[in-house]
Amino acid sequence: MAYAIFVLILCFGLAAGAPPRDSNLDYKWEEWKMKHNKIYSTEEEPLRRAIWEENVKMIKLHNEKNGLESSFTMDVNGFADSTGEEYRKSLHDIPVPAALSMREAYKHLVSNLPASKNWVKEGYVTPVRNQGKCGSCWAFTAIGAIEGQMFSKTGNLTSLSVQNLIDCSKPQGNNGCVSGYAYNAFEYVQKNGVEAEETYPYEEKEGPCRYSRENASAYVTSFVALPQNELYLLIAVAAIGPVAAAVDASHDSFRFYSGGIYHEPNCSSYYVNHAVLVVGYGFIGSERNGNEYWLIKNSWGKGWGIDGYMMLSRGRNNHCGIASQASYPDVF
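Throughout what follows, the structure given in this document is the object of discussion. Everything numeric here is computed off the predicted structure, so don't read it as measured data.

Reading the values: rules and limits
Residues numbered from 1 in each chain as written. Predicted model: local features only at pLDDT ≥ 70, side-chain atom pairs only at ≥ 80, totals over all residues. Heavy atoms only, no water. Helix = DSSP H or I, 4+ residues; strand = E, 2+ residues; numbered from the N terminus. Salt bridge = Lys/Arg side-chain N within 4 Å of Asp/Glu carboxyl O. Buried < 20%, exposed > 50% of the residue type's maximum accessible area, 1.4 Å probe, protein only. Phe/Tyr/Trp six-rings, centres within 6.5 Å; stacked < 30°, edge-to-face > 60°. Core = buried A, V, L, I, M, F, W, Y, C linked by side-chain atoms within 4.5 Å. Contact = heavy atoms within 4.5 Å. Polar contact = N/O pair within 3.5 Å; in protein donor to acceptor, adjacent residues only side chain to side chain.

## Concerning the environment of Leu61
Then step 1. The topology assignment puts Leu61 in helix α2 (residues 45–65).
Then step 2. In sequence terms Leu61 and Met74 are 13 residues apart; their C-alpha atoms lie 9.8 Å from each other.

Okay, here's the thing in structure tokens:
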């Protein structure tokens with residue numbers, strides 16, 4: 001079995017400070033609060049409003065540069081009332097080794113791969129969900145990879161239980177709503193199986209393990225951690241299906257991403273802190289002009305990104321560490 005690269009995954013948090021408000025934004029503020037179901041105490045609201053305004057200005061400035069200095073757009077989503085510092089406190093960067101060189105023996109495979117792949121369109125991917133305040137990105141990622149393989153084997157797409165992994169995979173090294181690894185989750189499912197969402201629904205918090213083997217909907221037979229190289233990831237996504245991965249999500253541009261090919265100059269190629277599911281790849285316009293992308297599914301709801309998805313820059317030095325912690329399961 002290929003070796004595992006373990007990278008700690010953390011996902012959410014809060015803190016802050018506050019200047020005067022712009023009355024011209026009163027209506028938009030109220031509209032945004034209603035849309036994202038935000039309720040504050042009398043003391044907290046002025047602070048959150050001021051932070052929100054700063055983020056609105058930052059996003060507006062970025063979008064004015066789009067097409068000139070940036071390949072993607074940003075939007076005022078549910079994260080807009082938190083500071084960059086608060087957001088980054090919810091993430092924990094841990095270094096992983098540099099990507100390995102591609103072996104000559106595998107290079108011929110790349111030339112035979114399709115120019116693009118979209119497992120969402122092929123029915124392998126369940127709808128986008130929202131992890132909420134629980135740091136369960138690792139569990140959503142692992143479940144997404146298993147769901148894709150179950151569809152490949154059975155032809156049935158079933159939403160599996162993220163909560164089952166949160167509550168029950170601590171013996172394998174995961175830590176509920178605090179942190180975890182998709183690889184450890186695969187190990188749990190190999191040993192125990194996993195229930196469907198229907199029988200063990202998501203609660204956005206940790207609870208006691210209530211797994212019932214009688215309700216198991218999927219088992220993992222084996223799992224593989226890929227070498228840290230985009231070419232290995234490309235082969236796996238093209239031939240296997242959705243692949244569990246992780247990225248450096250520590251930048252404001254990531255949390256407010258709304259469209260286009262995401263390329264953040266400050267993104268790390270070696271540090272990752274947020275788990276995602278790679279569900280395809282492709283290109284816009286010319287393949288050989290920096291317009292290649294990975295299609296990734298996030299667990300922050302449809303209000304983030306392109307209805308919950310992102311096109312992440314591909315073939316540019318392992319951008320945001322996308323190939324640094326990639327793995328996939330086999331199922332029965």
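## Things to note about the pattern of salt bridges
Note on pairing: side chains with opposite charge can pair once their charged atoms come close.
Then step 1. This model, assessed by the stated rule, comprises 18 salt bridges.
Then step 2. Two residues, Arg129 and Glu197, come together in a salt bridge whose shortest N-O distance is 3.0 Å. One end of the pair, Arg129, is in the loop between β3 (117–118) and α5 (137–154); the other, Glu197, is in the loop between β4 (194–195) and β5 (216–218), and 68 residues separate them in sequence.
Then step 3. Judged by relative accessible area, Glu197 falls into the buried class, the value being 18%.
Then step 4. Linking Glu292 and Arg314 is a salt bridge whose minimum nitrogen-to-oxygen distance equals 4.0 Å. Note that Glu292 is positioned in strand β11 (residues 292–297) and Arg314 in the loop between β12 (309–313) and β13 (327–331), a separation of 22 residues in sequence.
Then step 5. Here the residues in one salt-bridge network are Asp26, Arg49 and Glu53, joined through shared partners.

## Some details on the packing of aromatic side chains
Then step 1. By the definition in use, this model includes 22 aromatic pairs.
Then step 2. Seen from their ring centres, Phe79 and Trp300 are 4.8 Å apart, and the 70° between their planes marks the pair as edge-to-face. Of this pair, Phe79 sits in the loop between β1 (72–74) and α3 (84–89) while Trp300 sits in the loop between β11 and β12, placing them 221 residues apart in sequence.
Then step 3. Judged by centre distance (4.8 Å) and plane angle (85°), the rings of Tyr183 and Phe223 are edge-to-face. Here Phe223 lies in strand β6 (residues 220–225) and Tyr183 lies in helix α7 (residues 182–192), a separation of 40 residues in the sequence.

## Comments concerning the nonpolar core
Then step 1. One finds Ile146, Leu165, Leu233, Phe254, Tyr262, Trp294 and Ile322 to be the most contacted residues of the largest nonpolar core, which totals 87 residues.
Then step 2. At 10 residues, the largest contribution of residues to this core is made by α5.
Then step 3. Apart from residues lying up to four places away in sequence, Phe254 is in contact with Tyr87, Val247, Asp248, Ala249, Tyr262, His274, Asn298, Trp300, Trp304 and Met310.

## A closer look at helix α8 (residues 230–239)
Then step 1. By the criterion of burial, α8 is predominantly enclosed, with eight of the 10 residues buried.
Then step 2. Its side-chain oxygen at 2.8 Å from the backbone nitrogen of Leu231, Asn229 defines the N-terminal cap of α8.
Then step 3. Gly241 sits one or two positions beyond α8 and adopts a positive phi of about 135°.

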